[in-house]
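# Remarks on the overall topology
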Amino acid sequence: MRNLKRALSLALASVMVMGLMVVGTGASYVDVSSEQNQEAIEVLQAVGVMTGDENGNFNPDANVTRNEMAVVMSNLLDYTVSSYKGTAPFSDVPSWAEPYVAACYTNGIIAGYDAKTFGGNDSVTTGQAALMLLKALGYFQYQSDFGDDWLVETTKQGSLAGLFDDVDTGATQALTRNDVAQMVLNALEATMVQYSGNGGTTIKGDGYEITTGKATYDDRTSTDKKYGKINDESANNNGKYIVQLGEDLYDGDLTKRPGSDDFGRPANSWKYQSTEVGTYSEAPDYTYVGKVTKGTLYSDVGKTVVNNINSTIGTADVNNQKYGVTVSVDGTPVTVSKGDLFDSNSSAHIQGDGKNLTGNGVQTEVYVDNSAYTIEICVINTYVMQATGDYNESKETLNVDVLSGPAKENSLDLEDFDTLAAYGEDDYILYTYANNEVQTIAKATLVQGEVESSTKNSVTIDGTSYSYAKVRSDDTAAGGEDGLTAFTAGENASIVLDAYGKLIWVDDASLSVGNYIYVDAADTTMLGKNAVAGAYTADGTYDEITVKKIKGDNVGGSGVDEITDATEIYEYLTGKGASAPFNTAHKNWYSYTVDSSDRYTLTVTSTGKTVKSDVVGESVRFLTADTSIRGNSDTVFIVDDGSDITVYTGVNSAPTVTAKSGEDVIVSYLKVDDKASKSYASLVFVDASDATIDDSTASSDLMFVLKLNKTYKDANDTVNVYDVVLNGEKTTVESTDTLTVGEMYYKIKTDSDERVTDDSKVFTTAAGGEYRKVALVNATVEYSSGALRVGTTDFTVAEDAQINLVLMKGAGDVMTDSAADFEVYSVSARGLESSLKGYAVSGTFYAVTTEDDNDELGTLYVVVKGSSDGITGSTLTPDDIDNMNEMEAGDVLVGDKDDIDGITGAPSDMAEGGHVFLAFEASKGDEITLTITDSDGDVVYKEETGEMSKGGTFRFYVSLTGHNAATGGKSGAWVSEDAGNATPGEEAAKGTYAFSIIGGTDDVYGAFTVE
């Protein structure tokens, strides 16, 4: 086995080696992607021929000098360079390079410009590097091999050997590190030769010299299997292997095998000494971004090829020269017909599985192999996720929330993505996905601005039109119908773009409230010829602004939508004008722009409203006089007590403001995004100058206590330090009281030292109410189109809902690090489902609804203490199937006897009323247990099969209406308590029930509803 010692002792000889020697760790380079010769660079890194610098860069665009090329060749050919030190004949070689130049010179790999000049600081040219590599392959053993021009002969032989594949530089041009890496890899895959003959006979005469004949070079062959590790030609070469340079140098430890990558693209997989180097796709014959039509594909692939597609479309017939066609989407094969893909002059989408495969933001690659008679079409989608926190340096992870696409990850690891440290909280991340894992990530572009217009296909923001990406258009859960967002002209919007500039996500949360301003009529005056108004920004900052213009429907009277006269502006804002419509003060929220002279144009908001009303802190419906408007955790309250301004964020933090006797509290609010369809206030200005203010309410924080971290003495106090999850973030708090580990606290109160006190409220188990604590036992999570089911509890998800997933030690495979004490993630409802999909979890959830006794979810914590692998199926109705055998393991069928009777295979002895069927798969000898629990976690039904007499798919069925329908021990009637102590006969109450079927091929978990 070749010893890759690589002479590390020389690594410090000079920084001028520029990382060509081994100092790396084998990781990918931060400045190398598929745009460079990534395959070559990473293979050469693995075998130690070329590596990067100490900063993790390969510097692919840097030119390579002749001195540095000597280092590459010495590493490639494994010369023990120390033994050549001091033997180079050249006078212009620096000490750090001299042993490498000497080794290559002595072995006939390089030569100087003359006897004393090497020219090592000159950039190595394509021709020079090719000659070095050709000599390593065994060529040019005699001077006569060069003919009249060494460069012509070198270029000719280099082309025949394949050294210039994927290298675009001319023979006399300088080579970059990127180019050198590709040429060296080409050499490793090239055939070695051996020569015969003596290089020709030279006849000298008076004034002439004639050389006749040349050496003959033949491919080296062997029967040793190590020479089939890069390219195995033995089947077509009488059992002999043709020797490639990489096979010879590395004794068969460097292997290359053709196959496909995770996206289904033809690819080469490299290993060195049994360690995976990487899998690298081949260059496609055709690449498309966007819609691919049948006509385009027909034209590019060609009529001759299309006409010779095999009737069995997925299979190639080499003997009869018939092409096989395969199509994959994100690495998953799809079913196609010839007519789905090829039709001359057709503008229709190519299709698979009956759906359009391509569209905006979709990359399609086509590979045509005229030797193997295959056509491979690979479709690659781009999806989006968002970082929910900054990069964690200690764990080398980034927590994420998957917004679209099939990924289930709630965190990414530096081990998989070496650019991860560049991402921070709220960054949008584009990703591709195949083979059940994220393949690539890239930072998305965020565009913010004013919407000018929108259609079903695009939105125009600040003069630029952005088309929807296909994955967004198809994502009905993300937007409205067909996944599209209803934009309103004039509103501000923030959109996320994919790598092709297509709209892939709409960032509602990033819309700033900063473009709204509250104008106080009492502080508006005429200053010279200008109307000057007192105004408050969304952060409570007060300023006096010069108002240039006011815009809005009929602001200047009927049909007058704009006021520019300063006096009329003053009269409009103060209500002090003599004529309508200026007889009412217009103190309210306005959107605004500012010109270069710092003059404001105010636009009347659609939803801004001013009322006289007390404010009730901690109440969702915070106005006593207008119960139509609600507050949430993001609502900003700006309270003016006549002398000071105080800003409160969140309805639970808002003070209680009560008008003094005979006075009024003036409240101006603006709905979220200034949309009438919203029911929540975004901004609230409270004029409390004639009111009393009680802001002694507790904070709106939610705090889950993870564990007692430590205890210390502070004067006479014993201080407990707790690890907690506070508003979704892991942190620590102090308390001189004893807090309950494993409990959720709300309305947190602190003492003068900001230590949490035990009079903070603790969640209690409750089926209703605003604050809920519910136990989870073998529970599953489902989400669809705004509806979230956690165990047996159903919620609708508020648009600004905050959802957190807490995984405690012992939670099982749902954890990223099973050794961690806990893991905390901020996720969306969809992300929660993705994180827990395929698991039945036990623990507790804590929910805060938007108001008492409703089911709109504002905040949710799911605390998982245990999990089990299992499967869930589909919830069916009698209309969904024609035969009971169509039910698969995990499926649930609920229906009335009269409806179920029409299904083939339904039991003939069902009693009247409702029934539930629960499918599972089992093998002979399995013992199966069915357990059904109600929303309180109490067991309401339990059944055991004993040993199964055969294997297959089976169904429990249970009467829901109190009839004992047991037949053969395989079904039964509802019971009201633990099945061991109860008598069948009670009717199932309306509600949602969880079930588990344990002991079969897979454990089955799920839920069903009795209506």
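Per an unreviewed UniProt entry, the chain goes by S-layer homology domain-containing protein and derives from Flintibacter hominis.

Next up on the list: unusual backbone geometry. The phi dihedral of Ser-274 is positive, around 70°, even though this residue is not glycine. With a phi close to 55°, Tyr-373 is a non-glycine residue in the positive phi region. Note that Tyr-373 resides in the loop between strand E15 (363-369) and strand E16 (374-380).

Burial analysis of strand E38 (residues 681-687) places seven of its seven residues in the buried class, the great majority of the element. In the sheet, strand E34 (residues 636-640) pairs with E38 via five bridges, with the strands oriented parallel. Bridged to Val-636 within E38 is Leu-683. Across six bridges, strand E37 (residues 666-671) lies against E38 in antiparallel orientation. The partner of Tyr-669 across the bridge, within E38, is Val-684.

Here the focus is the nonpolar core. By size, the foremost hydrophobic cluster in this structure holds 72 residues, and its most contacted members are Val-49, Met-69, Met-73, Leu-76, Leu-188, Tyr-250 and Leu-254. Of all elements in the fold, only helix H1 (38-47), helix H2 (66-77), helix H3 (98-106), helix H4 (126-137), helix H6 (177-188), helix H7 (245-249), strand E8 (266-272) and strand E9 (275-281) reach the threshold of two or more residues within this core. Sorting elements by how many residues they give to this core places H4 first, with eight residues. Within the second largest apolar cluster, 28 residues are counted, among which are Tyr-783, Leu-788, Phe-795 and Ala-811.

Attention shifts here to the sheet that holds strand E26 (residues 503-506). What the five strands build is an open sheet, ordered E24-E23-E22-E25-E26; its pairing is antiparallel. Each of the sheet's edge strands pairs with one partner strand only, and the pair in question is strand E24 (464-467) and E26. On average, each strand axis in the sheet is tilted by 50° relative to the strand beside it, whichever way the strands run. The pairing of strand E25 (residues 492-497) with E26 spans three bridges and is antiparallel. Directly across from Leu-497, in E26, lies its bridge partner Leu-503.

Each value, and the rule that gives it
Residues numbered from 1 in each chain as written. Predicted model: local features only at pLDDT ≥ 70, side-chain atom pairs only at ≥ 80, totals over all residues. Heavy atoms only, no water. Helix = DSSP H or I, 4+ residues; strand = E, 2+ residues; numbered from the N terminus. Buried < 20%, exposed > 50% of the residue type's maximum accessible area, 1.4 Å probe, protein only. Pairing = 2+ DSSP bridges. Core = buried A, V, L, I, M, F, W, Y, C linked by side-chain atoms within 4.5 Å. Axes fitted to C-alpha atoms, helices over the stretch in contact; angles between N-to-C directions.

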